[in-house]
Each structure stands twice: as C-alpha cells, then as structure tokens.
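Chain and residue survey
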Amino acid sequence: MKFKKLLATALSLAMVATTLTACGSDDSSSSKAGSEAESGTSGEHVTLQVLTHRTDIIESGLLDELTDEFEKANNCTIEYVGYTDYANDVATRLSTEDYGDVLMIPDSVKLSDLGNFFAPFGSYDEYKELYQCADSKMFDNTVYGLPTALNVAGGILYNKQVFADAGITELPRTPDEFIGCLEAIRDNCEGVIPYYTNYKDASWTITQWQGLVVSASGNPSYEIDLLTEKGDLFDADVNGYYTVYKMLFDIFSDPTLIEADPATTDWEACKPAFGEGKIGCMVLGSWAVGQFQEAAGDNAANVGFMPMPNEIDGKINAQISADYCMGVNKHSDNVELAQKFVKWYVGESGLQVKENVIPALIGADYPEFMDAFNDVNLFVATTAPAELTGVFNTIDKDSEVGTWDGDTANFKIKLAEAAFAGEGEEAFNKIIEEVNSKWAATRDTVLAD
Amino acid sequence: MQKKKRSFWQWLKTYEGQKILTTILFLLVPVTCLILFTVIPAGNMVLFSFQERDRYGLDAKWVGLENYKTVFSNPDYFMTFKNSIYYLIGSFAQQALALLLASILCSKIKLRNFFKGVLFFPYMMNGVAVSLIFMRFFALGDGIVTQTGTVNTILQQLGMDPVKFLSDPSIANYCLVFISIWRYIGFDIVMYIGAIQSISSDIYEAADLDGANGWQRFRYIVFPSIKPIISLQLILAIKGAVSVFEIPYIITEGKFGTSTFVIKTHETGMVFQKVGLASAMAVVLLIIIIIVTLIQKHFFKESDEDKPSKKKKAQNGEVA
C-alpha cells in the first residue's frame, strides 16, 4: 500500500514536472565545427560561439565546411548556434552578458543602444571604403556590425522564356510599359498567367510591393524627406508610394492579367509552376531568386530579376539594403579574433558566392542575376539624422498605416480588394486619401513630442 | 461525541484524511495548469489593458481607461463585430438543424449509429484540417497553378458559371459560416440526443394513449424537457459567434471582408505591437460574454430552478 501511495505521489509530481518542462521548447540546434582532438595542441586554442539565424546552412553542413579554413589558420574552434526564431530568442539572451562571441544584430536593438551590447569595429570613415552599407548598424559615426549580405530591397521576378515568347525584347522602363508587357504575355502566350498575385498569403506577399517604394522614388532620402517636408504619403506628383501602389491597383484591376481566383493561390505550387513557364511575373525581393532557381531545376536560367520599372531622368533606380549585420559581444574574451572572424565571414568565406547573394565587400563580384542591373543606379538609403532615428517606424505603427504590414485593415489589402471588385479610380483615391490623413495626423503628434 | 487527540499523520490515515489527501493529489496537476496557463495570463491581460505597452513590455506606461475609450470610440476596432452577426444567425440555423437531426436520430431509423458517427466526426477534426479541406472545396483555382475546387467542378459539369466563393466579399462570409456549422453541428446533435434520450419512455406512452401526434409530442414533451440544454447551446452559440477566429484566419486570413474581432485583436497586438490596446479588446470580449451569460441566467432562471425543486417534491411524495 505504502509503495502504491508513493508511486501515485511520484507520478503526479512527475506529471506536473513534465507539463512544466514541456513549455520550454528546445529549438536551437548547435554544431561543433572542427574536431575536438585539435583543441589539445595549443594552450592558446580558443572557442568562439556564433549565434545565427541560418539553421539551414548549419544543418546542410555548408557553414562547417567553409569554416574549417578559418579554424586552421587561427587555431580556434567556431561553434555555431542556430535559432529558428532568432530575433525573439536572441532578444532574451541579450538581457544577460552571455550571448555568444559573435552574433547577428537583431533589429530590435535601437541604434543608440548598440554600444551597450557590441564591441565597436572602428569609425565609419574607415569602413565605408571597405564595405557597402557599413552604416546599417552605426551610431555616432562608430560601426558596430558588418552586413553579411546585401539585398535588392524589391524587384520583379520574371520568366525570361515567357518574356521572349511574348515578343518582349527589352525590359520595361515605366509602370505603363510593364503593364504593356503583361498584356503582351496575355495576348501571345496560351496558358500563362501574366502576373501571379499570391494573394492567399497576402499578409506577407503583398508587403513585397513595399520593397519597390524607395527604389521607385529614386531618392535615397525619400523617407526622411517625408518627415522633414511633411508631404503626403501618397502624392501623385512625387515618385514613390503613389507610383508603386497605382501600378498594383492597375494590374489587380484587370482580371485578365492575374489568376482567376486570388483567394486560392498557392505559394509552394507557384515555384515549380514559375520554372515551367506558367507564370510571367511576381513582385518579390532578391532573396526569392535562389528559391525559384532551385525549384525550377533545369529551367533555372529562365529565372530573371528586374528592378522596379520607373525611369527618372533616363535612369532606373534600385535600392539595396543590408541583410542581418554581424557584431561582436563586447563582453567576449576574444574580441579581436571575433572581429577577425566577422570580417572573414562577410568578405572571404565564399558563402556569398555559394549562396548567390550580393556581397557587402566592395570590389567583390556580384551574382549573375544582377546582370540585369548593370545600367541601374544602385543606391543605399540615407541614414536618418539622430533626431529622426526610428521616427518613421513609430509613426507607421502608431497610425496603423503599416507600410510593411499586411493586416486585414491595411491600405494594400483595401487597394487590392477594391481592384479585384473593379471599383475603379474613385475607390483608389478614396483609400489613399484616408491613409494620407491618418498618416499626417499621427506624424504631427509624433513630431510634436 | 468522542474526542481523541491525534497527530497530523494519524489523522491523515483516517478515512477523512485519506479523502482530503487524494483530492489534493488529484487536483494538483489540473489546478497548477489552470493557475499557470489561465489565471495568471488572464490577470496579466487585465493589468496590461490599463497600460500602453509593446511586445517586450519595455517602458510600459499606465494610461487608465484610455485603451477602452479607443476600443469603443474608434470604429476601426468595434465595427469588426459586424461579421459576428453572420455567425450568430448561422448558429441559430445550426441549432434548429441540430435539433431536427437529433429528433430523427432518436427515432427508430436504420443505421442511426452510423449517421451519428458521421455527423459527429467533423467535430473531432482539427480546425486547421477542416480549413484545408474547405479551401479545396470552395476553391475556384485558375487551372494553371491551382486546381478547380469540388463545388466549382460540379457547377461546371452542370453547365453553370464558376463562382468565386472565397474572393467575393458578398458570399465569402456565408461560406465561412457554412464551414463553421458543418464543423460544430455534431456536438450540438450529441447534446440534444443525450437530452432527448433522458426523457422517460413512460411519458411517451401516456402521450400515445392520449393520441398525441409527432409535433405535439415534440412541442409538449421533448421541447420542455430539453429547454435547459437549448439555453446552454444558445449561450455557447453567442460566445462562439463573437469569438470566431480559427476558420476565417486560416482560410481567408480575414481578407475579403471576413475579418473578425479576434483577428483584429491579434493584429493589434502582434502586427502593431499595441499589446495594451489588444488586451483591452480581449477584456471587452470577456465582458460581453459574461453579460450574455448573466442575461441567460436571468432569462432561464424560472425553468432552471423550478425543475429540480419539483422533482424533489415528487420524490419526497413517493417516499412519504
């Protein structure tokens, strides 16, 4: 009897314990690069811990393979720790002093707080000669992190074969020309959807259009000017928001240019379909190029990427921006070696070439898909002056305009659905007026504070 | 009355002590979970609703009733309740249909256990699975990347024009309500069957002798007996209608005019990081449900309280 009672107590306690421990999920995967045997050879042998969001290349072994070279040259072991929910998990670790030696700097760290967490690399004047976008994680002219890669903020993925079949020989240079291309595809190619909206997953797919906005403006300080000059967000006379979303509205308004039912699109199925030449174009960032090439298999060469077609003074513009930046924990025991590692990872590791992304190192070769950007004016958005740092974002969230969001009350969703319903110009103007007034009201209160 | 001094351990070995000890041990797990996952978060939510705070809770500010004022004064928030009306009307239809099916299943028809199983099955299915099934069911597709869905294939076979079930704002809500009825009706049927079968067969026999027809039997025997169950079901229906989330969130993401109050709450908290405001919205939802429950209590007070007392009297009478 006594045994049974004890057993019952133990069981119930165990159940409580398991219920509680089940809450903490262990979704971090770590891998040790380099063999343990090596560590005995020298007294100075050190281990660097690197926190990263790239669980995919940890699992595929690509990182370890590339890192061998660095480990041998510097007599150290690099231990990668991957997080699937990087931004949230690392934000928690940042509240302690133990957050690895090298880590991707999460965007939730305010620029003014960088010095509290990360060891400085040096002055911006020195680093701007070496790396593009070196000011991404900079405060007070001091650089705290280097970009692991660059992205073309927004562009249009197109199928080269479909464009050729439709008789298009030159890439479009204005929104109207782009719509003309879609019409040519509709008229000349049987069984091809000219523009695929991916609207079922609109909560993120429609936000891809936002990536075109600064490119369309051709103005590196476009978003700062919106704050200082206090113009309307949507202004028919200024290139930017109006240009991009008018193009969206015009395309979505014509049911012959898009798929039959925007509520039943399929993101995963659209990747191979794109490779097979069943889709003409999609608005996506340069990050998507690799994925679509992979899904296209033998047709990978057909995956093309073009900038936002909006010619200003005879020039097409495209904004490039930094991917995650890598920084060094200021509490690390080996700051110098860790910084050496960051420079190696960003510049010499060969990872950028393997992955077909744009390297930040000045002088490094651009990937092949960027050939379409040869005569494009690539620019980096101007860093906001200290007093306006983060202000655009604050206005954006407070007003619930959500320039980068795809919530159900978002202006992009409203525009798309008005277009699907064929409500025409009037509806477009009504929606943008509403956004303008919401934005202006919040901007005035935020700037007044 | 004997009084003996016993130590705590001795007391624990008595029947009384064993009863309490077992109760505590059995309650330990559920109560811990309840406190940890329901009581504490709900308490925090009420606190947060008086604050202006972001997702990380950095520099939370006390703002008093400001969040509640926003919820009620800004139509962007409160007007999302309008879609609940679709679900509310739908759930009344659902109750009527469930009652009808339950009555049929209680009569002596063939294969009735099989039909019970078929009708109850959707309730056991996961909401995500149900949503995926109906996405296929209602899809229009483009014939190039995505396939034409079930209903539209049939319509086309019959020579009719295909319908944009999910992307036409004027019908999307009806489709979603239909899915919700399909999913939850099994539970209602089982509740009604349980209630109907608990009616003593003596009463039916007496009614037969008096020459009651089917409708009269339902109106004067079945309906009064299952009134408490109907009232409970109506409360659950209203509660369900104001807090719809899963099905529209997965199938349409709340697009095409199918957003609901809970989807809006989710977006306010997660997309715009206004956790204080989102908490206030959740508290408003809670209060609405409490009010509905109180109205129901008041409304059905008589019938609820009458019954047990009458039964008791009857039993006492028998004993006497």
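With the exception of glycine, the majority of residues adopt a negative phi angle, and the majority of peptide bonds are in the trans configuration. The phi torsion at Asn198 of chain A lies on the positive side, around 50°, for a residue other than glycine. Position of Asn198 of chain A among the secondary structure elements: in the loop between strand E11 (193–195) and helix H9 (202–205). Of the residues examined, Asn198 of chain A reaches a relative accessible area of 2% and is grouped as buried. Positive phi is not limited to glycine here, since Leu111 of chain B has a value of about 60°. The exposed category is assigned to Leu111 of chain B, whose relative accessible area is 58%.

So, on to empty space enclosed by the protein. Residues and elements named next belong to chain A. Across all of its chains, the model carries four cavities of 30 Å³ or more by this definition. The greatest single-element share of the lining of the largest cavity, amounting to three residues, is contributed by strand E12 (residues 279–284). Taken together, the residues of the lining of the largest cavity break down into nine nonpolar, three polar and no charged. Each pocket or cavity is described by its volume, and for the second largest cavity that value is around 70 Å³. What lines the second largest cavity is Glu400, Val401, Ala409, Asn410, Phe411, Lys414, Ile431, Glu434, Val435 and Lys438.

Time to look at helix H14 (residues 275–299) of chain B. Residues and elements named next belong to chain B. Between the first and last C-alpha of H14 there are 36 Å, a value that for 25 residues agrees with the 36 Å anticipated at 1.5 Å per step. For H14, the full list of buried residues reads Val275, Gly276, Leu277, Ala278, Ser279, Ala280, Met281, Val283, Val284, Leu285, Val292 and Gln296. Contacts made by the buried residues of H14 are with helix H2 (15–48), strand E1 (51–52), helix H3 (66–73), helix H4 (75–78), helix H11 (214–242) and helix H13 (261–270).

Across all of its chains, the model carries 54 aromatic pairs over all chains by this definition. Centre to centre, the rings of Tyr199 of chain A and Phe256 of chain B are 5.4 Å apart; their planes meet at 65°, and the pair counts as edge-to-face. On the criterion of chain membership, the pair formed by Tyr199 of chain A in the loop between E11 and H9 and Phe256 of chain B in the loop between helix H12 (246–251) and H13 is interchain, its members lying in two chains. Taken individually, Tyr199 of chain A and Phe256 of chain B each receive the classification buried, so the pair is uniform in this respect.

With that settled, consider the pairing of strand E3 (residues 76–83) of chain A. Residues and elements named next belong to chain A. Of all eight residues in E3, eight are buried, a share of seventy percent or more. As paired elements, strand E2 (residues 46–52) and E3 share seven bridges and run parallel to each other. Following the sheet pairing, Gln49 is matched in E3 by Glu79.

What counts and how
- Per-chain numbering applies: the sequence of each chain, read as written, is numbered from 1 onward.
- Here chains are named by letter from A upward and ligands by number from 1 upward, in the order in which they appear as written.
- Residues qualify for local features only when their pLDDT is at least 70, as the model is predicted, and side-chain atom pairs are given and counted only at 80 or more; totals for whole chains, interfaces and linings, by contrast, use all residues.
- Processing note: side-chain calculations cover all non-hydrogen atoms of the structure and skip hydrogens and water entirely.
- Secondary structure elements follow DSSP: runs of H or I no shorter than four residues count as helices, runs of E no shorter than two count as strands, and numbering proceeds from the N terminus.
- Burial classification: accessible surface area is computed with a 1.4 Å probe over protein chains only, and a residue below 20% of its type maximum counts as buried, one above 50% as exposed, and the rest as partly exposed.
- Detection works on a 1 Å grid of protein atoms alone, calling trapped sets that fit a 1.4 Å probe cavities and calling open sets with protein on both sides within 12 Å along at least five of seven lines pockets, with lining residues defined by an atom within 4 Å of a point.
- Grid points are joined across faces, edges and corners, and a volume is the space filled by probe spheres set on the points.
- Lys, Arg, Asp and Glu make up the charged group, whereas Ala, Val, Leu, Ile, Met, Phe, Trp, Tyr, Cys and Pro make up the nonpolar group; the residues left over, Gly among them, are polar.
- The span you would expect from a helix comes to 1.5 Å times its residue count less one.
- Should any heavy atoms of two residues lie within 4.5 Å, those residues are counted as being in contact.
- Any Phe, Tyr or Trp ring, taking Trp's six-membered ring, that has another such ring centre within 6.5 Å forms a pair; planes under 30 degrees apart are called stacked, those over 60 apart edge-to-face, and the others tilted.
- Pairing between two strands requires that DSSP report at least two bridges joining them.

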